[in-house]
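# Observations on the three-dimensional arrangement
Below, each chain spelled out in residue letters.
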Amino acid sequence: MKSDLQIQRDVMDELKWEPYLNASQIGVAVNNGIVTLSGQVDSYSKKLSAEKAAKRVSGVKAIAEDIQIGVSPAFRKTDTEIAEAILSALKWHSALQEEKIKIKVEDGIVKLEGEVEWEYQRNNAKVAIENLTGVRSVINLITVKAKISPTDIQQKISAAFHRSATIDAEKIQSEVVGNKVTLRGKVRSFAEKEDAENAAWAAPGITSVENKLQIEVPEYAFEE
């Protein structure tokens, strides 16, 4: 079992490995496998990259995000300029129908509303704009409209688990009630836990995923 100190070192090394980030700007603290990230970066996408890097490290049980965004004056944009850039990004995204999405920008914080048919469309709307200059945060309130039965959803999720190279499908159970999926079982890492959740979100019509998967702590044999 990894110590908090080893997890901290591994997370710091993973941040250094990420070419998009300046690891010296990000502080890392670990307590009982829970990683707290602090510091300041100049874009929302860098904040997300730091969080994703930490999640990839084995032994990490949860992430507490306390990174602040300080946009440089040279890259600061007005809310109107940000809104125009968002509309253009959504318009050129082939997986989205921009007319179904409404946006509001206030002090660089973007709120998305509307209705789509698939969770990947909801997620793509956020991904399409989180790298735009001036964006400080994205609040995604887009809803997913269901068009498939819970039984079909559960079968599709199970099939997705079995196709995945990173998920041990035999140790994960999914339960679908309405448009909500509940995941239970054991996984080997935070990354596998997240992969399973992402696979569930990819099912059509899903509007909620409750991830109750537990991370198994590997046992190591030591010679005296």
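That block above? That's the structure.
Positions within a chain are numbered from 1, following the residues in the order the chain's sequence is written. Since the coordinates come from a predicted model, pLDDT governs what is reported: local features require at least 70, and pairs of side-chain atoms require 80 or more to be given and counted, while whole-chain, interface and lining totals use all residues. To obtain the side-chain values, all non-hydrogen atoms of the structure were used and water was disregarded.

If you walk across this open sheet you meet the three strands as S1-S2-S3, and the pairing is mixed. Every other strand in the sheet has two partners, leaving strand S1 (26–31) and strand S3 (62–69) as the edge strands with one partner each. Within this sheet the neighbouring strands show an average axis-to-axis angle of 10°, counted without direction. At least two DSSP bridges between two strands are required for those strands to pair. Strands are runs of DSSP state E lasting at least two residues, helices are runs of H or I lasting at least four, and both sets are numbered from the N terminus onward. Looking at chain direction, S1 and strand S2 (residues 34–41) are connected through six bridges and run antiparallel. The residue bridging Asn-31 from the neighbouring strand is Ile-34, located in S2. Here, two residues are considered to be in contact whenever any of their heavy atoms come within 4.5 Å of each other. Axes here refer to lines fitted to C-alpha atoms; in helices the fit is confined to the stretch in contact. Angles between the N-to-C directions go from 0 to 180 degrees. The sheet contacts of helix H1 (residues 4–17) involve S1 and S2, and relative to S1 the element is tilted by about 155°.

Here we take up the pattern of salt bridges. Note on definitions: salt bridges are taken to be side-chain nitrogens of Lys or Arg within 4 Å of carboxyl oxygens of Asp or Glu. Following the criterion strictly, the structure yields 13 salt bridges and no others. One salt bridge connects Lys-46 with Asp-42, and the closest N-O pair in it is separated by 3.1 Å. Residue Arg-122 is joined to Glu-119 by a salt bridge in which the shortest nitrogen-to-oxygen separation is 3.5 Å. Linking Arg-122 with Glu-119, this pair stays in helix H4 (residues 119–129), spanning three residues, or about one helical turn.

Once that is clear, we can look at the pairing of S2. If you look at the hairpin formed by S1 and S2, you'll find two residues sitting between the two strands, and Asn-32 has a positive phi there, around 55°. Two strands pair when backbone bridges link them, and S2 and S3 are joined in this way by eight bridges, in the parallel orientation. Across the sheet, the residue bridging to Ile-34 is Ala-62, located in S3. A crossover gets the label right-handed when its path from the first strand over the helix to the second runs clockwise, viewed with the strands pointing away from the viewer. The handedness of the S2 to S3 crossover, carried by helix H2 (residues 44–55), is right-handed.

Let's shift gears to the packing of aromatic side chains. Whether two aromatic rings pair depends on their centres lying within 6.5 Å, for rings of Phe, Tyr and Trp, where Trp uses its six-membered ring; planes under 30 degrees apart make the pair stacked, over 60 edge-to-face, and the rest tilted. One pass over the full model with this rule turns up one aromatic pair. Placement of a positive charge over a ring is assigned whenever Lys NZ or Arg CZ falls within 6 Å of the ring centre and within 35 degrees of the normal to the ring plane. Across the ring face of Tyr-20, the terminal group of Lys-46 is positioned such that the distance to the ring centre comes to 5.6 Å.

Relative to the helices and strands, Thr-143 resides in strand S7 (residues 143–144). We call a residue buried when its accessible area falls under 20% of the maximum for its residue type, exposed when it is over 50%, and partly exposed in between, using a 1.4 Å probe and counting protein chains only. On the basis of relative accessible area, Thr-143 is assigned to the partly exposed category, the value being 41%. Ignoring sequence-local partners within four residues, the contact set of Thr-143 consists of Gly-114, Glu-115 and Val-116.

Under the convention used throughout, the expected extent of a helix is 1.5 Å for every residue step, that is, one less than its residue count. For helix H3 (residues 79–91), spanning 13 residues, the distance from its first C-alpha to its last is 18 Å, which sits close to the expected 18 Å at 1.5 Å a residue. Among all positions of H3, only Ile-82, Ile-86 and Leu-90 are buried. Mapping the buried residues of H3 onto a view down its axis gives an arc of 65°, with all of them on the same face. Turned more than 90 degrees away from the buried face of H3 sit Thr-80, Glu-84 and Lys-91, all of them exposed. Where H3 is buried, its residues meet strand S4 (101–106), strand S5 (109–116) and H4. Each C-beta atom gives one direction from the helix axis, and the arc is the one those directions make.

Here the focus is the layout of surface pockets. Taken as a whole, the largest pocket holds about 860 Å³ of empty space. What lines the largest pocket is a set of 25 residues, among which Lys-52, Lys-55, Asn-123, Glu-194 and Asn-198 lie closest to the centre. Within the residue set of the lining of the largest pocket, elements represented by two or more residues are H2, H4, strand S6 (137–140) and helix H6 (190–201). Per-element accounting of the lining of the largest pocket gives the leading share, eight residues, to H6. Cavity means a closed set of points on a 1 Å grid over the protein atoms alone, one where a 1.4 Å probe fits but cannot get out, pocket means an open set with protein on both sides within 12 Å along at least 5 of 7 lines, and lining means a residue has an atom within 4 Å of a point. Grid points are joined across faces, edges and corners, and a volume is the space filled by probe spheres set on the points.

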